[in-house]
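Analysis of the macromolecular model
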Amino acid sequence: MSKVLFINGQGPQVAETFTHLAPVDFSVEVLPYGSPPETVLAALADADYLVLHPATLTGEAIRQAQHLKLIQLLAAGYDKVDLATAQQCAIPVATNGGANAWAVAEHAIALLLALYKRLVACDAAVRRGDWRQPVDGFNTFELAGKTVGIVGAGNIGRKVARRLHAFETEILYLDPNEVPELEEALGARRVELDELVARADVISLHAPLTPGTRGLLGAPQFAAMKPGTVLINTSRAELVDEAALIDALQQRKIAGAGLDVFPQEPIRRDHPLLALDNVLLTPHTAGHAFEGWARRCEFAWLNIRRVAAGASPLSLARPG
């Protein structure tokens with residue numbers, strides 16, 4: 001019987017969902033995320049497959065996993081897994097295959113609409129009895145007619161583009177590869193970063209964190225943006241120079257930001273973002289949805305069964 005080790009940081013319901021789907025010829029051991037390193041290494045010693053959420057794994061742990069045939073992530077991001085060591089050990093690393101793409105895409109749009117319509121301020125005003133006080137008729141906006149820049153046209157970015165196109169927007173995208181389905185169905189256009197930041201009214205980040213995307217948006221890019229630009233980041237905080245973003249928001253060089261990810265999580269209580277009224281912050285929950293957990297677990301088992309049968313896993317993570 002093959003052993004699957006699941007290192008779980010998401011609570012008992014996710015562990016139960018994953019374990020319930022296990023085929024009869026697989027045993028499952030669940031360890032809580034944050035278990036002592038010696039406990040993890042001992043459990044890895046005879047594991048054939050490793051499933052992770054969060055997707056964090058050191059090179060030392062990979063080297064000591066002598067029987068491992070697959071590292072399967074329930075997340076889309078893979079920047080905290082030592083891919084180089086996994087490659088050296090000939091252990092494939094797979095992401096969740098877009099299983100959380102629906103949830104993240106909807107969350108990105110929710111952040112954008114909440115900023116455009118000042119929903120948080122409106123809710124607070126009604127609760128205070130200040131009827132219509134936050135909205136003066138000139139500080140809320142429509143999406144129709146706006147230009148949206150999608151950075152990263154993978155599973156999530158494509159879903160965001162399709163949904164925002166329905167709001168009668170123009171779609172630009174930045175990606176290493178052309179995406180014909182976006183161009184043909186939506187009239188989207190692939191552009192370079194300089195054009196995207198200069199033209200977009202909304203910039204939504206959906207790229208993986210790699211050496212090539214780290215710090216993609218910095219002071220020069222914020223300086224080139226329109227004053228009304230809104231930035232949405234449900235991907236990785238490190239795609240953005242945080243100091244440059246804070247300066248742009250404080251100085252009103254851009255209109256606002258909706259952020260689900262931060263360089264340090266949880267965000268510290270004295271963080272300057274918390275003092276700004278033109279940001280909307282959520283605690284790295286964009287990918288969390290009831291429907292998504294079953295989808296993630298099903299994809300993980302699909303990949304495990306593929307590898308067990310001698311096939312290659314789907315949705316391989318590759319070093320940037």
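Above: the structure in question.
Residues numbered from 1 in each chain as written. Predicted model: local features only at pLDDT ≥ 70, side-chain atom pairs only at ≥ 80, totals over all residues. Heavy atoms only, no water.

Now for the pattern of salt bridges. Taken as a whole and assessed by the stated rule, the structure comprises 16 salt bridges. The closest approach of N and O atoms between Glu29 and Lys3, which form a salt bridge, is 2.7 Å. A residue pair is termed long-range when its members are at least 10 positions apart, and Glu29 in strand S2 (residues 26-32) and Lys3 in strand S1 (residues 2-8) qualify at 26 residues. Linking Arg199 and Glu170 is a salt bridge whose minimum nitrogen-to-oxygen distance equals 3.0 Å. Linking Arg199 in helix H9 (residues 193-199) with Glu170 in strand S7 (residues 170-174), this pair joins segments that are 29 residues apart in sequence. Among the residues examined, Glu170 registers a relative accessible area of 33% and is labelled partly exposed. (Salt bridge = Lys/Arg side-chain N within 4 Å of Asp/Glu carboxyl O. Helix = DSSP H or I, 4+ residues; strand = E, 2+ residues; numbered from the N terminus. Buried < 20%, exposed > 50% of the residue type's maximum accessible area, 1.4 Å probe, protein only.)

Strand pairs in the sheet, formed through backbone hydrogen bonds, run parallel or antiparallel to each other. Spatially, the 5 strands line up as an open sheet ordered S2-S1-S3-S4-S5, and their pairing is parallel. Of all strands in the sheet, those bounded by a partner on one side alone are S2 and strand S5 (93-94). Here strand S3 (residues 49-53) runs beside strand S4 (residues 70-73); their pairing, made up of 4 bridges, is parallel. Considered in S4, the bridge of Leu50 is made with Ile71. Helix-sheet contacts for helix H1 (residues 12-20) involve S1, S2 and S3, and the interaxial angle to S1 is about 160 degrees. (Pairing = 2+ DSSP bridges. Contact = heavy atoms within 4.5 Å. Axes fitted to C-alpha atoms, helices over the stretch in contact; angles between N-to-C directions.)

Okay, the nonpolar core next. Formed by 31 residues in total, the largest nonpolar core has its most connected members in Ile203, Leu217, Phe222, Leu231 and Leu245. At the level of secondary structure, the elements contributing two or more residues to this core comprise S7, H9, strand S9 (202-205), helix H11 (242-250) and strand S11 (256-259). For this core, the element with the highest residue contribution is H11, accounting for 5 residues. If we ignore the near neighbours within four places in the chain, the residues touching Phe222 are Leu217, Leu231, Val240, Asp241, Ala244, Leu245, Ala248 and Ile254. (Core = buried A, V, L, I, M, F, W, Y, C linked by side-chain atoms within 4.5 Å.)

Within a pair of aromatic rings, the relevant descriptors are the distance that separates the centres and the angle that separates the planes. With the rule as written, the count across this model stands at 5 aromatic pairs. Ring geometry for Phe26 versus Trp301: centroids 5.6 Å apart, planes at 65 degrees, classification edge-to-face. Within this pair, whereas Phe26 is found in strand S2, its partner Trp301 is found in helix H12 (residues 290-308), the two being separated by 275 residues in sequence. Phe26 gets classed as buried once you look at its relative accessible area, which sits at 9%. With a relative accessible area of 1%, Trp301 lands in the buried category. Ring centres of Tyr116 and Phe141 lie 5.8 Å apart, and the angle between their planes is 55 degrees; on these two criteria the pair is classed as tilted. Placement of Tyr116 in helix H5 (residues 101-117) and of Phe141 in the loop between helix H6 (119-128) and strand S6 (147-151) is noted, with a sequence separation of 25 residues between them. Classification of Phe141 as partly exposed rests on a relative accessible area of 41%. Ring pairs connect the aromatic residues Phe6, Phe18, Phe26, Tyr49 and Trp301, which therefore count as one cluster. Seen from the ring of Tyr49, Lys69 lies directly overhead, with NZ or CZ sitting 5.8 Å from the centre. (Phe/Tyr/Trp six-rings, centres within 6.5 Å; stacked < 30°, edge-to-face > 60°. Lys NZ or Arg CZ within 6 Å of the ring centre and 35° of its normal.)

With that out of the way, let us pick up the packing of H1 against H12. Across the interface, H1 lies against H12 with an axial gap of 9 Å and an inter-helix angle of 40 degrees. In this view, H1 runs oblique relative to H12, as classed from their interaxial angle. In terms of crossing hand, the pair formed by H1 and H12 is right-handed. Facing H1, whose interface residues are Val14, Thr17 and Phe18, H12 presents Trp293, Ala294, Cys297, Ala300, Trp301 and Ile304. Here the residues of the contact of H1 with H12 sort into 8 nonpolar, 1 polar and no charged. (Parallel < 35°, antiparallel > 145°, perpendicular 65-115°, else oblique. Left-handed = near helix turned anticlockwise from the far one by under 90°. Nonpolar A, V, L, I, M, F, W, Y, C, P; charged D, E, K, R; others polar.)

The subject of this paragraph is unusual backbone geometry. Cis geometry is found at the peptide bond from His53 to Pro54, where omega equals 5 degrees. With respect to the element layout, Pro54 can be found in the loop between S3 and helix H3 (59-64). Of note, the phi angle at His284 is positive, near 55 degrees, even though the residue is not glycine. The topology assignment puts His284 in the loop between strand S12 (279-281) and H12.

Any link to function would need more than the numbers given here.
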